[in-house]
Amino acid sequence: MNKFHWSFSTYDSYQTCPRRLNEIRFAKTVVEPEAPHAQWGTEVHKALELGVKESTPLPASMEHLNSIIDTLKKTPGKVYTECQLAVSRDLDPVEFFSELVWCRGIVDFLAVNHGVAIALDYKTGKRKLTKQLELMALLIFANFNSVEKVHTGFVWLKEGGKLDTDTFRRDQIPELWDSFRKTVNDMEYSFEMGLWPERQNGLCRQWCPVVQCKYNGKRN
């Protein structure tokens, strides 16, 4: 039996609709169609990773992002790309695919310079501010004991690399974890009890593959 673990994507999806999350991610009774921009998102993430890590030239269709790579390559400190971070239930660092994993996430770009880290997440969709930066900072604090402050940011690639940023300090760790606690507890209860309530949301009308749900717009 799979043990409960979560990431920001499952946290966010649960808040949208528990039933949808379960049928797509855990029970896997339905397959979510690939969003039109998903393939481009995968390709651009890989291209930026290789551009920063190996100076691989960007494809012609992404050359407008060269300035982002140039800026990132000048960042001081030890640089990580697509950095996989995870913690146990006790909030101790563990391997990404360990059986002890309780929470995990991937940081698209991370630079650690003494006690300060810069962590960025590339975004290929519409601008939407979430708590993902908070979770990213928490995973960094847990995995890098020397880091006392994390400067985080969403990089909106469709807007030419526009940034939304926030900064977190190590002394904020307890309150930051507490801000996730209720939803994570509810999600774990759903996982253990097999109770995944339907929640009407903006995806119901035409974007949800769970057609058996009473709120699904494709049902009739």
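Above: the structure in question.
Fair warning: this is a prediction, and the values are worked out from it, not measured in the lab. (Residues numbered from 1 in each chain as written. Predicted model: local features only at pLDDT ≥ 70, side-chain atom pairs only at ≥ 80, totals over all residues. Heavy atoms only, no water.)

## Some remarks on the nonpolar core
So, point 1. Counting residues in hydrophobic clusters, the biggest one holds 39 residues, and the most contacted among them are Trp6, Leu110, Ile140 and Trp177.
So, point 2. Among the secondary structure elements, those contributing two or more residues to this core are α1 (8-16), β1 (78-87), β2 (103-113), β3 (116-123), α5 (132-143), β4 (149-156) and α6 (173-193).
So, point 3. Take this core: its biggest share by element is nine residues, from α5.
So, point 4. Those residues in contact with tryptophan 177 that sit more than four places away from it in its chain are Trp6, Val87, Leu91, Trp102, Cys103, Leu135 and Leu138. (Core = buried A, V, L, I, M, F, W, Y, C linked by side-chain atoms within 4.5 Å. Buried < 20%, exposed > 50% of the residue type's maximum accessible area, 1.4 Å probe, protein only. Helix = DSSP H or I, 4+ residues; strand = E, 2+ residues; numbered from the N terminus. Contact = heavy atoms within 4.5 Å.)

## Notes on the sheet that holds β2
So, point 1. A sheet is described by the order of its strands in space; here five strands give the open sequence β1-β2-β3-β4-β5, paired in mixed fashion. Strands at the two margins of the open sheet, each flanked by one partner only, are β1 and β5 (162-169). Along the sheet, successive strands turn relative to each other by an average axial angle of 30°, direction set aside.
So, point 2. By the bridge criterion, eight bridges tie β4 to β5 in an arrangement that is antiparallel. Paired with threonine 152 across the strands is aspartate 166, a residue of β5.
So, point 3. Contacting β1, β2 and β3, helix α3 (residues 38-54) runs over the sheet at an angle of about 125° to β1.
So, point 4. Packing of α5 onto the sheet brings it into contact with β1, β2, β3, β4 and β5, and relative to β4 it is tilted by some 140°. (Pairing = 2+ DSSP bridges. Axes fitted to C-alpha atoms, helices over the stretch in contact; angles between N-to-C directions.)

## Let's talk about helix α4 (residues 66-73)
So, point 1. Buried residues of α4: Ile68, Ile69 and Leu72, and no others. Angularly, the buried residues of α4 cover 95° about the axis, an arc narrow enough to put them on a single face. (Arc of directions from axis to C-beta.)

## Structural notes on the packing of α5 against α6
So, point 1. Between α5 and α6, whose axes approach to 10 Å, the crossing angle comes to 130°. With respect to α6, the element α5 is oriented oblique. Pair α5 / α6 crosses with left-handed handedness. Here Glu134, Leu135, Leu138 and Phe141 of α5 come into contact with α6, specifically with Ile173, Leu176, Trp177, Ser179 and Phe180.
So, point 2. When grouped by side-chain class, the residues that make up the contact of α5 with α6 number seven nonpolar, one polar and one charged. (Parallel < 35°, antiparallel > 145°, perpendicular 65-115°, else oblique. Left-handed = near helix turned anticlockwise from the far one by under 90°. Nonpolar A, V, L, I, M, F, W, Y, C, P; charged D, E, K, R; others polar.)

## With respect to the pattern of salt bridges
Pairing between side chains of opposite charge can happen when their charged atoms approach one another.
So, point 1. As enumerated under the stated definition, the model contains 14 salt bridges in all.
So, point 2. Lysine 123 is the salt-bridge partner of aspartate 121, the closest N and O atoms lying 3.1 Å from each other. Assigned by exposure class, aspartate 121 and lysine 123 land together as buried.
So, point 3. The shortest N-O distance in the salt bridge between aspartate 186 and lysine 182 comes to 2.8 Å. Of the two residues, aspartate 186 and lysine 182 are both situated in helix α6; the distance of four residues between them amounts to about one turn of the helix. (Salt bridge = Lys/Arg side-chain N within 4 Å of Asp/Glu carboxyl O.)

## Observations regarding the packing of aromatic side chains
So, point 1. Scanning the entire structure with this criterion turns up 13 aromatic pairs.
So, point 2. Seen from their ring centres, phenylalanine 26 and tryptophan 196 are 5.5 Å apart, and the 35° between their planes marks the pair as tilted. Of this pair, phenylalanine 26 sits in helix α2 (residues 18-26) while tryptophan 196 sits in the segment after α6, and the two are 170 residues apart along the sequence.
So, point 3. With relative accessibility at 25%, the residue phenylalanine 26 sits in the partly exposed group.
So, point 4. Relative to phenylalanine 144, the ring of tyrosine 80 lies with its centre 5.5 Å away and its plane at 65°, an arrangement referred to as edge-to-face. Of this pair, tyrosine 80 sits in strand β1 while phenylalanine 144 sits in the loop between α5 and β4, and the two are 64 residues apart along the sequence.
So, point 5. Each member of the aromatic cluster is reached from another via a ring pair, and the members are Trp6, Phe8, Tyr11, Trp102, Trp177 and Phe180.
So, point 6. The ring of tyrosine 80 is capped by lysine 78, whose NZ or CZ atom sits 5.3 Å from the centre of that ring. (Phe/Tyr/Trp six-rings, centres within 6.5 Å; stacked < 30°, edge-to-face > 60°. Lys NZ or Arg CZ within 6 Å of the ring centre and 35° of its normal.)

## Topic: unusual backbone geometry
So, point 1. In this structure, glutamate 82 is a non-glycine residue whose phi angle is positive, near 45°.
So, point 2. Mapped onto the elements of the fold, glutamate 82 is located in strand β1.
So, point 3. For glutamate 82, a relative accessible area of 22% translates into the label partly exposed.
So, point 4. We note that histidine 114 has phi near 60°; this positive angle belongs to a residue other than glycine.
So, point 5. Among the secondary structure elements, histidine 114 is positioned in the loop between β2 and β3.

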